[in-house]
Each structure stands twice: as structure tokens, then as C-alpha cells.
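Each chain is listed here by its residues.
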Amino acid sequence: MPDRFPVQVDGITLELSNLDKVLYPAAGFTKGEVIDYYTRVAPVLLPHLAGRPLTRIRYPNGVGGNGFFEKNAPAGVPHWVRIETLPAPGSSKGRETLDYVVADDLPTLVWLANLASLELHVPQWTVGSAGPDRLVVDLDPGPPAGLPECTEVALLLRERLTADGLDPQPKTSGRKGMQLMCAIAGSQPAEEVAAYARRIAEELERDNPKLIVARMAKNLRPRKVFIDWSQNNAAKTTVAPYSMRAEPAPTVSTPLTWTELEKGRVRQFRADEVLKRIKRYGDLFADLTGGDGPEVPRPSRRS
């Protein structure tokens, strides 16, 4: 196979390179297979990236090499890639703004995959929005706790969140834990949404102290599931649904059904399995892209 060759993607010419380079050595999964996965998953992935400034984690030498976070647009961005210049509070390089890539279309997604952008992370808000349109809680198990304990916590969270009129949807992280996401109105500031998520996490910790921790200190996490409510802060990002992860196997952050959780059938899924699941279920997270969820309750609404 030649090192470089041009392809046409939706009328745009891209140059792909080194497609036979192995990016997941333990699985023999190549860069070409990464591009193929992102091309095939694009119809369900792109709605979850649209309008959101994208943080990429790139592994040009594969998952066994050094990866790096990339928020700012790299050099040589094609003219057809959407770039949004946005404030960058807390920038590690002291920048006031960054030029973010926004992946609204298939050519951009293929271009990113060709750069070995294995992981795609987005905030809970879109460019120009009044506030976050999604609430997320990350379930991080402290060993020896794992997915079974995350499943138990997810079911408790579903009961609590639905009592407040929200409609949580579960997904694997593609790594060791899980996340729940809810569509919300997009009219409240991120601070208010994060404060609500924190109240719920602390309430569940009080009710289930042997299973749940809502505090950040890592020494509190062994044998428990940490409910990370801070993912709702405006500066934070969460791995996108259907994004690959930089694990030994080419795992994916995978939307789940509640029936799978109720029956204890939760595990991390590989890219090929996710494509089969999409044929069976479609996009289980489709309701998260409508932007018509409820507001989160304010403290005065509960005693």
C-alpha cells in the first residue's frame, strides 16, 4: 500500500497516509481500520459532535506510544474545516483564546482520524449557546470495584434523576467506567447544572456510603464508585458517544440500553461490535441531540 494517496469524501479531496500502520498493537488494529470505523460510525457520531469545540487525544505512534491532548487547531488545517476561536480559561500555555476544530461533517472526521485522533472529547455546550444542553455524570470505579458496581450506581441515579423529570441515558466510558447523560434545556449556566449534579451525587453518597463517593479525594475511592459531577463545568469535556479509546483493544464509549444494565450485561465493547449494535439499535442517544430537554431543578424546589 502506498504511504500517501488521495481520496474523495463528500466532494472534498483528502490525502490519507500510512493506513497499514498498527495503532493498537495488541489487537493488530491499523490506522486504516480506525479511519474505516469513524467513517462508518459517522451518521450516529456526528450529531454528538456538531457545534461543539473538539478536544482530541492523538496517538501518532499508536496506543503504546505517547499520546497528547490537542485543543488548538494543528498547523496546516484545510480551509474547509470549521474553526471557532473561543476563550480558553485555565489554558496550560496562558492563552486567552484557542482555535478549536468543530467536526460538523464527514471530511473533517476523516481528516482527524488520519491524524490519529483516536479519542474525541466535547463539552456539554455548543458554540453560541446560553448554557449546557446536556448533563453528564461520570461513574469511576475504585478497584476492586468495576462495571457491576457502576451498574448498581447507574440504576440508583436513574431513579433519582427521573424523579426530577430528567431522562438519563447510559453509556460505557470505553475504559473502566460508565457515564449517564441527560438532555437539558440549555438555558441555565454551567455552574447551576454542575451544582445540581453535585447535590444529587452527595445525596446518593449519604444514602449509600459503602458504595458511592462524591468527593474528589482519591484515597476515598477504593471499593466505591466515584460520581464525578464536575464534568458539567464549562471548561470540562467528556468523551463523546461512539468515540474510540486509547486502550490495548480498540474499545469505544458505547451507548447502552437500560435492559442491559438491569440484566447485568454491561461490558466494554470494541469498534466492530459497536457497528453491529448500531445496525440493531440505531443511535440509542438520539434523544440527546434534540436540544429540548427540561431545566434542572434549583435547590428551592426540593426540601
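See above for the structure.
Residues numbered from 1 in each chain as written. Predicted model: local features only at pLDDT ≥ 70, side-chain atom pairs only at ≥ 80, totals over all residues. Heavy atoms only, no water.

Caption draft 1: View of the sheet that holds strand β14 (residues 225-228). In spatial order, the strands read β11-β12-β10-β14-β13; together these five strands make up an open sheet with mixed pairing. Pairing within the sheet leaves two strands with one partner each, and these edge strands are β11 (169-172) and β13 (212-213). In this sheet, β14 lies alongside β13 in parallel orientation, the contact comprising two bridges. Looking at the pairing, valine 213 lines up with phenylalanine 226 of β14. (Pairing = 2+ DSSP bridges. Helix = DSSP H or I, 4+ residues; strand = E, 2+ residues; numbered from the N terminus.)

Caption draft 2: Structural context of the pattern of salt bridges. This structure, assessed with the given rule, holds 23 salt bridges. Between arginine 40 and aspartate 36 there is a salt bridge whose closest N-O contact spans 3.3 Å. With arginine 40 and aspartate 36 both in helix α1 (residues 31-49) and four residues apart, this pair spans about one turn of that helix. A relative accessible area of 37% means that aspartate 36 is categorised as partly exposed. As a salt-bridge pair, arginine 82 and aspartate 104 come within 2.6 Å of each other at their nearest N and O atoms. Taken together, the residues arginine 82 in strand β7 (residues 82-87) and aspartate 104 in the loop between β8 (97-102) and α2 (106-114) connect sequence positions 22 residues apart. Given a relative accessible area of 31%, arginine 82 falls into the partly exposed group. When salt bridges that share partners are traced, they join Glu119, Arg175, Arg245 and Glu247 into one network. (Salt bridge = Lys/Arg side-chain N within 4 Å of Asp/Glu carboxyl O. Buried < 20%, exposed > 50% of the residue type's maximum accessible area, 1.4 Å probe, protein only.)

Caption draft 3: Here's a closer look at the nonpolar core. Ranked by internal contacts, the top residues of the largest apolar core, which has 77 residues, are Tyr37, Tyr38, Leu49 and Leu157. The greatest single-element share of this core, amounting to 10 residues, is contributed by α1. In this structure tyrosine 38 touches Leu45, Leu109, Ala113, Ser117, Leu118, Leu120, Tyr242, Ser243 and Met244, once residues within four positions along its chain are discounted. Core analysis: the next-biggest nonpolar cluster, separate from the first, contains five residues, Val136, Met181, Ala183 and Leu288 among them. (Core = buried A, V, L, I, M, F, W, Y, C linked by side-chain atoms within 4.5 Å. Contact = heavy atoms within 4.5 Å.)

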